[in-house]
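Coordinate inspection notes
Listed below are the residues making up each chain.
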Amino acid sequence: MVLVLAGSAAHAQTRGKLEIIKDSRVDTLIAHRYSTNKASGGRTSSGGISTRGYRVQFFSGSNRKEAFSAQNKFQQKHPELRTYITYSEPNFKVKGGDFRTRLEAAKLMQELRGTFVTMFVISERINLPKLADPNIPQ
């Protein structure tokens, strides 16, 4: 009896076998995403590569002049960051930065605390920065 139990315990310890059971729809979703990215090249209309990320919204209001003024004020403090103005009736929204993490966007928000009153971290599609080509001297 002891030999039978020891034999079954040894069989339960067999290594090297792994069975993965997944829904077939996972493969369909992966193929769909691949074809969508391939068709668009994963690129935005401006030629950059886009992905999900974060921006800081630092202005929202109905006055167009104030929106452009806020954009100008932001660009004076951070000329290295891109800004985006969108209009969704009745408000203009001005956002800045293209951040991969919420933490990076929150850091910018802290830097802007004294300049802008109402700010939010917004999750949306962002434009990734172009990577430097190691073959091109800078």
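My aim in this report is to walk through the structure given alongside it, one point at a time. (Residues numbered from 1 in each chain as written. Predicted model: local features only at pLDDT ≥ 70, side-chain atom pairs only at ≥ 80, totals over all residues. Heavy atoms only, no water.)

What follows deals with the overall build of the protein chain. Of regular secondary structure, the protein chain possesses four helices and four strands. Split into buried and exposed, the 138 residues of the protein chain put 26% on the buried side. As displayed, the protein chain offers around 10,900 Å² of accessible surface, 56% of which is attributable to carbon and sulfur atoms. (Helix = DSSP H or I, 4+ residues; strand = E, 2+ residues; numbered from the N terminus. Buried < 20%, exposed > 50% of the residue type's maximum accessible area, 1.4 Å probe, protein only. Areas by Shrake-Rupley, 256 points an atom, 1.4 Å probe, with all protein chains shown as cover.)

Right, let's talk about the packing of aromatic side chains for a bit. Inspection of the entire model under this criterion finds three aromatic pairs. Seen in terms of ring centroids, Tyr-87 and Phe-92 are 4.6 Å apart; in terms of plane orientation they differ by 50 degrees. Their pairing is tilted. Taking relative accessible area as the criterion, Phe-92 reaches 13% and is therefore assigned buried. Members of the aromatic cluster, joined through ring pairs, are Phe-58, Phe-74 and Phe-116. Looking at Arg-55, its charged tip hangs above the ring of Tyr-84, at a distance of 3.6 Å from the centre. (Phe/Tyr/Trp six-rings, centres within 6.5 Å; stacked < 30°, edge-to-face > 60°. Lys NZ or Arg CZ within 6 Å of the ring centre and 35° of its normal.)

This part takes up helix α4 (residues 102–111). Within α4, burial applies to Ala-105, Leu-108 and Met-109. Buried residues along α4 cover an arc of 105 degrees about the axis, so they all sit on one side. Seen from the open side of α4, the exposed residues pointing more than 90 degrees away from its buried face are Leu-103, Lys-107 and Gln-110. Against the buried residues of α4 lie β1 (50–61), α3 (64–77), β3 (91–99) and β4 (120–127). (Arc of directions from axis to C-beta. Contact = heavy atoms within 4.5 Å.)

Bringing the pairing of strand β2 (residues 83–88) into the picture now. Strand direction decides the pairing type here: β2 and β3, joined by six bridges, are antiparallel. Counterpart to Ile-85 in the pairing with β3 is Val-94. The hairpin formed by β2 and β3 contains two residues between the paired strands. (Pairing = 2+ DSSP bridges.)

The sheet built from four strands is open, its strands ordered β2-β3-β1-β4 with antiparallel pairing. The sheet is open, and its two edges are formed by β2 and β4, each paired on a single side. Recorded for the sheet is a direction-independent mean angle of 40 degrees between the axes of neighbouring strands. Summarising the sheet, β1 and β4 pair through eight bridges and their orientation is antiparallel. Its bridge partner lying in β4, Arg-55 is registered against Ile-122. (Axes fitted to C-alpha atoms, helices over the stretch in contact; angles between N-to-C directions.)

Our next topic: the pairing of β3. Within β3, seven of the nine residues are buried, leaving the element largely enclosed by the surrounding structure. Relative to β3, β1 runs antiparallel, the two sharing six bridges. Of the residues in β3, the one forming a bridge with Gln-57 is Lys-95.

Right, let's get into α3. With 14 residues, α3 ought to run about 20 Å at 1.5 Å a step, and its terminal C-alpha atoms sit 20 Å apart, in line with that. Among all positions in α3, only Ala-67, Ala-70, Gln-71 and Phe-74 are buried. In an axial view of α3, the angular spread of the buried residues amounts to 100 degrees, which keeps them on one side of the axis. Exposed positions of α3 whose direction lies more than 90 degrees from the buried face are Lys-65 and Gln-76. Buried residues belonging to α3 abut β1, β2, β3 and α4. (Expected span 1.5 Å × (residues − 1).)

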